[in-house]
Amino acid sequence: MSVLSDRDIRAALEAGRVLIRPYDPVDLQPSSVDLHLDRTFRVFRNNRYPYIDVRQPQPDLTELLRVEEDEPFILHPGEFVLGQTLEWVELPDDLVARLEGRSSLGRLGLLIHSTAGYVDPGWKGNLTLELSNVANLPIALYADMRIGQISFFRMSSPVERPYGSTELRSRYQGQSEPTASAYYRDYVEGSKRTT
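Bear in mind the structure is a predicted one, so any value in this text is a computation, not a measurement.

### Things to note about a negative patch on the surface
The grouping of Glu-68, Glu-69, Asp-70, Glu-71 and Asp-144 at the surface amounts to a negative patch. Relative to the assigned elements, Asp-70 resides in the loop between β5 (62-66) and β6 (73-75). Look at Asp-70 and you get exposed, because its relative accessible area is 66%.

If you want it as structure tokens, here you go:
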């Protein structure tokens, strides 16, 4: 695999092989594209369940919240919420992407993903962010701020089953808001290992 340079990213965007919408050329970096924070967040409601049960649907475990244009979303120390990128991203079947936080925000204690920094070939949708504050002070987040960067890697060959393929049971294809975990579906759909 090789990382796409700015000229290769630009060519992929111009050819329509990669879609980032909205896209501003000023966001193109040497080997990535800056992404921005949307105004929608999914917050956990710890008063509704005694614990998170990964085997059960818990539809009201989280609540969708939307901030106004210049209103900050305050992320408190130790808090974890879901956000999303302002940008809709689409990848072809021969590119994979990585979402990473910005160094400037990391130095303030903001993490933008716990484990979900990998974007599969064939992905289409807004990217859900797993926002954590590991600092000692609250952090004010604003809609449209630069929140992270996405880089692209060319694969050895196109994948046979891109993300979203029926047999993969891709759960988040086409998401347009911060999407709660669908892990419980592993149990509901019977894909739990029997060994």
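### A short note on the pairing of strand β11 (residues 124-133)
The element β11 is largely enclosed, with a buried count of nine among its ten residues. Pairing of strand β7 (residues 80-90) with β11 involves eight bridges; the strand directions are antiparallel. Counterpart to Glu-90 in the pairing with β11 is Lys-124. The sheet contact formed by strand β9 (residues 110-111) and β11 spans two bridges and is antiparallel. In the sheet register, Leu-111 faces β11, and the bridge partner there is Ser-132.

Rules and cut-offs
Residues numbered from 1 in each chain as written. Predicted model: local features only at pLDDT ≥ 70, side-chain atom pairs only at ≥ 80, totals over all residues. Heavy atoms only, no water. Patch = residues over 30% accessible without salt bridge, like charges linked within 9 Å, V, L, I, M, F, W, Y side chains within 5 Å. Areas by Shrake-Rupley, 256 points an atom, 1.4 Å probe, with all protein chains shown as cover. Salt bridge = Lys/Arg side-chain N within 4 Å of Asp/Glu carboxyl O. Lys, Arg positive; Asp, Glu negative; His and termini not counted. Charge placed at Lys NZ, Arg CZ, Asp CG, Glu CD. Helix = DSSP H or I, 4+ residues; strand = E, 2+ residues; numbered from the N terminus. Buried < 20%, exposed > 50% of the residue type's maximum accessible area, 1.4 Å probe, protein only. Pairing = 2+ DSSP bridges.

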